[in-house]
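Chain and residue survey
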Protein chains: 2
Amino acid sequence: MELTHLQEKRIRCEAILPYILKDLLYLDFKEGEKTSSLADSEELSSLFPQTFSRPILKCISRKTDQNQGALRVGVVFSGGQASGGHNVIAALFDAMKQIGSESSLFGFLNGPKGIVENQYMEITEEIIDPYRFQGGFDLMGSGRTKIETEEQLQKSLTTCEKLSLDGLVIIGGDDSNTNAAVLAEFFLKNDCETCVIGIPKTIDGDLKNEHIEVSFGFDTACKVYSEMISNISRDALSAKKYTHFIKLMGRSASHIALECALKTHPNAVLISEEILEKKMTLSQITKQLADLISMRASMDKNYSVILIPEGLIEFIPEMKDLISELNHLIAQDSVNKEMESLDLDEKIDFLNQKVKSDLKSAFQLLPKAIMEQLLLERDPHGNVQVSKIDTEILLLKMVEEELKERKKEGSFKGKFSAVRHSFGYEGRCSMPSSFDAHYCYSLGYLAAFLIKRKMTGYIACVYNLKDIVQNWKAKAIPITMLMNLETREAKKKPVIKKALVDLKGNAFSHLQKMRVTWAKEDAYRFEGPMQFFGPSEITDTIPISLLLE
Amino acid sequence: MELTHLQEKRIRCEAILPYILKDLLYLDFKEGEKTSSLADSEELSSLFPQTFSRPILKCISRKTDQNQGALRVGVVFSGGQASGGHNVIAALFDAMKQIGSESSLFGFLNGPKGIVENQYMEITEEIIDPYRFQGGFDLMGSGRTKIETEEQLQKSLTTCEKLSLDGLVIIGGDDSNTNAAVLAEFFLKNDCETCVIGIPKTIDGDLKNEHIEVSFGFDTACKVYSEMISNISRDALSAKKYTHFIKLMGRSASHIALECALKTHPNAVLISEEILEKKMTLSQITKQLADLISMRASMDKNYSVILIPEGLIEFIPEMKDLISELNHLIAQDSVNKEMESLDLDEKIDFLNQKVKSDLKSAFQLLPKAIMEQLLLERDPHGNVQVSKIDTEILLLKMVEEELKERKKEGSFKGKFSAVRHSFGYEGRCSMPSSFDAHYCYSLGYLAAFLIKRKMTGYIACVYNLKDIVQNWKAKAIPITMLMNLETREAKKKPVIKKALVDLKGNAFSHLQKMRVTWAKEDAYRFEGPMQFFGPSEITDTIPISLLLE
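So, a few notes on the structure that sits alongside this text. (Residues numbered from 1 in each chain as written. Chains lettered and ligands numbered in written order. Predicted model: local features only at pLDDT ≥ 70, side-chain atom pairs only at ≥ 80, totals over all residues. Heavy atoms only, no water.)

**Observations regarding the overall build of chain A**
The test is simple: Under the scheme used here, helices are H or I runs from DSSP no shorter than 4 residues and strands are E runs no shorter than 2 residues, and both carry numbers assigned from the N terminus. Here the radius of gyration uses the C-alpha set of atoms, whereas the globule reference equals 2.2 Å times the residue count to the power 0.38. Burial here depends on accessible area, computed with a 1.4 Å probe over protein chains only, as a share of the maximum for the residue type. Under 20% is buried, over 50% is exposed, and the range in between is partly exposed. Residue contacts are counted whenever heavy atoms from the two residues lie within 4.5 Å of one another. Only the protein chains shown count as cover for residues, with accessible areas throughout obtained via the Shrake-Rupley method and a probe of 1.4 Å. Counted as positive: Lys and Arg. Counted as negative: Asp and Glu, with His and the chain ends omitted from the count. Think of each charge as sitting on NZ of Lys, CZ of Arg, CG of Asp or CD of Glu.
Assigned secondary structure in chain A consists of 21 helices and 15 strands. Against the globule reference of 24 Å for 549 residues, chain A gives a C-alpha radius of gyration of 25 Å, in line with a compact fold. Oriented by its inertia axes, the alpha-carbon framework of chain A measures out at about 80 × 60 × 45 Å. Burial analysis of chain A (549 residues in total) assigns 62% to the buried set. Contacts spanning at least 24 positions in sequence make up 78% of the contacts within chain A whose residues lie at least 6 apart. Of the roughly 21300 Å² of accessible surface on chain A, 47% is carried by carbon and sulfur atoms. Positive and negative charge centroids in chain A, built from 68 and 77 side chains respectively, lie 3 Å apart.

In structure tokens, the structure reads:
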């Protein structure tokens, strides 16, 4: 693979470490109080008898150094890509060499199934070096297998014992870290000495709480999307004739949409959590956007930039109900059979008759292209795949219809020409921002130390991130303390609660305060491409939503 | 408008000038031979009696300085946005102050209609400064009005005379520069002293020839698209499960697709010019892509990255014929009337009967979603708008069908999961690359000098661009020498010939040589975000296709 000059320069960058993590041989822990869980502590303590209620561990420095000793560690990427992952591995490698020069690091291939199937590569200096400060998870691939069944758990244990692993580092989001806790518990119960440590990864930003300030990958993804949004805003402002509907990846929560809005000052941004709280209907959202466009048209501004979070639809109560009604209907054999021979129009008519009367109006509102997606894009269980619905097209078409009506009535006199965009994969594998690169390096370093000290079922936590890197602090928190029970597929399961946008938080409040201005004025803020060299105010920025909190 | 730190730093950047342009008071011209046109010289010389056949002017330095003298100049953005436009204006401003401290610069608002309607702003130092090194055309907006009718020409002349302009600088692509030539001729014929100078702008890269090495904006757009393509490639390589179909803006020619391929090494890139030369059918293209995916699947690589130029469809002979047949059919009142009451399926059936027999198979191949676009997206003349057809969806769906067939037959055993992307507006208004920023600054500087020397109907030309900026050279070429006659809307019109990708050129040859490797191996090259600071091998790159030529 040919390296670009930029890649070469980045590879040779020196990772900065917080003072506290610089020399792991002089690092120690201070134990905090015993912990509980977010909720359901009784059930959770019985599900995790070995690992529940452990204390938070705060990193402190010690005067005398500790023994060196080689470590054997396995590491795996789990779930969707996020920028900085390779730096976690590089840091693990470097830290393990500091702890014991004979240490060995193994990378499991293509996600957790690599653990189950004992597929791995040994990671040497020659192998890791070209991946330093680089995006992607391609060093060893990633995957979405969950280690859940007794057989999978047992096979994973066998793998760890075969390799005599002191530790297993799972780089993942909420589900993967839940999996890390399950593995830690299983290993302890079965006298396997491999410690399991989680690393908080996800571009979506929904793995955060009072301890985890942000997950890695979020900063980079938002910077990449904001670069594109800024470019589009500047185009809108120059051409003065397009309304841009921009959908942003981020699963359920609207953290990415919020952060990108704070960075780029669009004319409107929808925040799913707010829409849910206000119990808005699709028709109300449509009217609100049409009002914005009309208002701007009256100021002779026939252009706008509108940000839309990927998960929107599930937060619109009537749409959520409609989708579960459709799932319910289509799950019925009789309905399914009757629909088989129908073409799209007939299917729509047929379902229109079947849908509950209070959902009929929502159903009839939907543009045909979206109906088609609702009826065709189904997962193996027959459920509508909400993430496959082109929400930006849905809104674009509904706003278009609304404005046509208003034009007929004479209440809209402007021009409306819309362009859709959808950003997702573009932001997951970018070269990491300086923030993510250093954050990941610290997380990997900390993980190595946690394994050296035989901690298991913990998630590595680097915090105080608003300060300069040197002043960042480190701790470890038991994964179980982030959990509660949720019903999934009719079963109660331990899960790490996804963080949604806090409507009382400073970041959202700031948006609320500013958005009236952003709607009217062209206050677009132009992010430009991420910079890796030059003055620190350009290279070392952190998420605005983190800064405001 | 809030400036980001990056904007502030860029605003304060020093523009580098070629040695030859540093002091306009010591600059001179050497006249070359008289010129002709690309073709149709007789007709063109009668259309442009005043300006035809003028010599190329090569910039040289002179020993003694020339007189200073204030200039009054108007400038206009014409057509689609391209990065660097604001630096043309900044350079014009700076150069005019060097030529005469009392000089005045006027920006016409929202494109050429600002000239016709005498809508302008005076550009002062305070106004231009925040736009230095910034993307977009938002300082004064752009537009697509063509100054063609006698009335428009006369009004433009009146504006220039009212403002007592020494010069009018038109920043535009092929059509806008044709317009510049028409204006120059008209002004001379009517004793108006305003000189008209063109600046070669377009991200599409199709305004180039033996004199113009590249148009401005092309470099930046390709860098922005390549950043995104690289991110997607790295995601493909990490997730190992998606085939990405990426459509790239660029109108008819495939320069952008070619340049982005040379930068990012995708598994496949379609070059429209090659498809035309080989007279490929849609079905052949589909099979070729399906073969690629099958071949990679047999290597256990169920992922690919495929680049598609925006203008593809018009270069597939059968599609071109089909579209003109549909245009012809629908233009008939009887057909139109019969279709009015039909729904989409019925329309398709109806047209299927009407279409010429040799085009039926092409018509029947098209997925319904594309049929819908062909039948619905029509311009005011009733013609299909080819640019609105989602070519990446067309190919995605056709390849999907083809692979389904092969799966049934047993000849395809891999997995196929496709994601579409379309990049366009993202790349037109980015902060300009260092190359575009300096190139534009040189072009603006040169334009001011051309006006000082009362040259008209010329296009500013900065060349030797492979060398460091200081060694770039400058000249001016008569716009008429780039022209031939083309039939547009049944009339012969003077136009600047659009440059298509040269299938015998070094850039395409290099692609041909490499693409077999890129198809099989994951030779993806990761561009990363554009860098403005740091070592010159990172910041000062020029288009690879330019480097190879």
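**Structural notes on the layout of surface pockets**
What counts here: A pocket here means an open set of points on a 1 Å grid, computed over the protein atoms alone, that has protein on both sides within 12 Å along at least five of seven lines. A cavity is instead a set of points where a 1.4 Å probe fits but cannot get out; residues with an atom within 4 Å of a point line either one. Grid points are joined across faces, edges and corners, and a volume is the space filled by probe spheres set on the points. Under this grouping Gly is polar, as are all residues other than the nonpolar Ala, Val, Leu, Ile, Met, Phe, Trp, Tyr, Cys and Pro and the charged Asp, Glu, Lys and Arg.
Looking at the second largest pocket, its volume works out to about 890 Å³. Residue lining of the second largest pocket: 40 residues in total, with His 5 of chain A together with Glu 537, Asp 540, Thr 541 and Ile 542 of chain B positioned closest to the centre. Of all elements in the fold, only α1 (5-11) of chain A together with α9 (255-264), α18 (434-452), α19 (506-520), α20 (536-539) and α21 (544-548) of chain B reach the threshold of two or more residues within the lining of the second largest pocket. Broken down by element, the residue count for the lining of the second largest pocket peaks at 4 residues, all from α20 of chain B. Of the residues assigned to the lining of the second largest pocket, the class counts are 18 nonpolar, 13 polar and 9 charged.

**Thoughts on the interface of chain B and chain A**
By a frequent convention, interface size equals the accessible area lost on bringing the separate parts together. To be explicit about the condition: As used here, buried area is the combined drop in accessible area, with a 1.4 Å probe, of two parts when they are placed together. A side-chain nitrogen of Lys or Arg and a carboxyl oxygen of Asp or Glu constitute a salt bridge if their distance falls within 4 Å.
Counting residues at the interface gives 61 residues for chain B, matched by 61 residues for chain A. Between chain B and chain A, a total of about 5000 Å² is buried, with carbon and sulfur atoms accounting for 55% of that surface. Three residues, Arg 234, Tyr 425 and Glu 426 of chain B, lead the burial of chain B against chain A; their summed loss comes to 14% of the area buried on that side. Between the two partners, chain B and chain A, sit 8 salt bridges. Among the salt bridges present, the one from Glu 537 of chain A reaches Lys 9 of chain B, with a minimum N-O distance of 3.2 Å. Of all the secondary-structure elements, those providing two or more residues to the side of chain B that touches chain A are α1 (5-11), α8 (218-239), β11 (418-423) and α20 of chain B. Here the side of chain B that touches chain A takes 10 residues from α8 of chain B, the largest share from any one element.

**Details of the pairing of strand β7 (residues 195-200) of chain A**
Residue and element names in this part refer to chain A. Quick note on the threshold: A pair of strands counts as paired when DSSP detects no fewer than two bridges linking them. Looking down the strands as they point away from the viewer, one classifies a crossover as right-handed if the path from the first strand across the helix to the second runs clockwise.
By the criterion of burial, β7 is predominantly enclosed, with 6 of the 6 residues buried. Residues of β7 alternate between two faces, with Cys 195, Ile 197 and Ile 199 on one and Val 196, Gly 198 and Pro 200 on the opposite face, all of them buried. The sheet contact formed by strand β6 (residues 167-172) and β7 spans 6 bridges and is parallel. Considered in β7, the bridge of Ile 171 is made with Ile 199. In the classification by handedness, the crossover that spans β6, the intervening helix α7 (residues 174-189) and the parallel β7 is right-handed. In terms of strand pairing, β7 meets strand β12 (residues 458-463) through 2 bridges, oriented parallel. When the sheet's bridge partners are listed, Gly 198 is paired in β12 with Ile 459.

**Let's talk about the relation of the copies chain B and chain A**
For these two chain copies, the linking operation is a rotation about an axis paired with a shift along it. Convention followed: All copies are superposed by least squares; the fitting set is the C-alpha atoms of residues with a pLDDT of at least 70 in both.
Superposition record for chain B on chain A: RMSD 0.0 Å, screw rotation 180 degrees, translation along axis 0.0 Å. Such a combination of rotation and displacement between the chain copies is what one expects of a two-fold axis. Same-surface contact between copies: 100% of interface residues of chain B are shared with the interface of chain A.

**A few points about the sheet that holds strand β10 (residues 304-309) of chain B**
All names here are of chain B. Note the threshold: Lines fitted to the C-alpha atoms define the axes, with helices restricted to the stretch that makes contact. Angles between their N-to-C directions range from 0 to 180 degrees.
Reading across from one edge, β9-β10-β8-β11 is the order of the 4 strands in this open sheet, with parallel pairing throughout. The outermost strands of the open sheet, each flanked by one partner alone, are β9 (268-269) and β11. With 6 bridges connecting them, strand β8 (residues 243-248) and β10 associate as parallel partners. When the sheet's bridge partners are listed, Lys 247 is paired in β10 with Ile 308. α9 contacts β8, β9 and β10 of the sheet and is inclined by roughly 155 degrees relative to β10. Running over the sheet, helix α11 (residues 282-298) touches β8, β9 and β10 and is turned about 165 degrees from β10.

**Regarding unusual backbone geometry**
Trans is the prevailing form of peptide bonds, just as negative phi is the prevailing case for residues other than glycine. Residues other than glycine seldom take positive phi values, yet Arg 251 of chain A does so here, at roughly 50 degrees. Structurally, Arg 251 of chain A can be placed in the loop between β8 (243-248) and α9 (255-264).

**Remarks on empty space enclosed by the protein**
As enumerated under the stated definition, the model contains 5 cavities of 30 Å³ or more in all. Surrounding the largest cavity, Ser 230, Asn 231, Arg 234, Phe 526 and Gly 528 of chain A together with Gln 7, Gln 134, Gly 135, Cys 429, Ser 430 and Met 431 of chain B form its lining. It is helix α8 (residues 218-239) of chain A that provides the largest number of residues to the lining of the largest cavity, a total of 3 residues. Partitioning the lining of the largest cavity into residue classes produces 3 nonpolar, 7 polar and 1 charged.

**A look at the pattern of salt bridges**
Within this structure, the stated rule accounts for 66 salt bridges over all chains. Residue Asp 138 of chain B is joined to Arg 234 of chain A by a salt bridge in which the shortest nitrogen-to-oxygen separation is 2.8 Å. Pair noted here: Asp 138 of chain B is in the loop between α5 (125-128) and α6 (150-162) and Arg 234 of chain A is in helix α8, and the two residues belong to different chains. By relative accessible area, which is 9% here, Asp 138 of chain B ends up buried. For Arg 234 of chain A, a relative accessible area of 4% gives the class buried. As a salt-bridge pair, Glu 401 of chain A and Lys 404 of chain A come within 3.6 Å of each other at their nearest N and O atoms.

**Looking at a negative patch on the surface**
What counts, and what does not: Only residues whose relative accessible area exceeds 30% and that form no salt bridge enter a patch; like-charged residues are grouped when within 9 Å of one another, and nonpolar side chains (Val, Leu, Ile, Met, Phe, Trp, Tyr) when within 5 Å.
Together, Asp 343, Glu 346 and Asp 349 of chain A together with Asp 343, Glu 346 and Asp 349 of chain B give the surface a local cluster of negative charge. Summarising the element assignment, Glu 346 of chain B is placed in helix α14 (residues 344-354).

**Observations concerning the sheet that holds β7 of chain A**
All names here are of chain A. Judged by pairing direction, the sheet is mixed, and its 9 strands sit side by side in the order β1-β2-β13-β12-β7-β6-β3-β4-β5 without closing on themselves. Every other strand in the sheet has two partners, leaving β1 (27-34) and β5 (120-123) as the edge strands with one partner each. Strand-to-strand twist in this sheet, taken as the mean axis angle between neighbours without regard to direction, amounts to 25 degrees. In this sheet, strand β13 (residues 473-478) lies alongside β12 in antiparallel orientation, the contact comprising 6 bridges. By the bridge assignment for β13, Ile 459 is matched with Ile 477. Along the sheet, helix α3 (residues 85-99) makes contact with β3 (72-77), β4 (104-108), β5, β6 and β7, crossing β3 at roughly 175 degrees.

**What to know about the pairing of β4 of chain A**
Residues and elements named next belong to chain A. The buried fraction of β4 is high, at 5 of 5 residues. Alternating positions in β4 separate into two faces, Ser 104, Phe 106 and Phe 108 on one and Leu 105 and Gly 107 on the other, with burial throughout. Relative to β4, β3 runs parallel, the two being bridged by 4 bridges. When the bridges of β4 are listed, Arg 72 appears paired with Ser 104. Alignment of β4 against β5, held across 4 bridges, turns out to be antiparallel. Of the residues in β5, the one forming a bridge with Phe 108 is Tyr 120.

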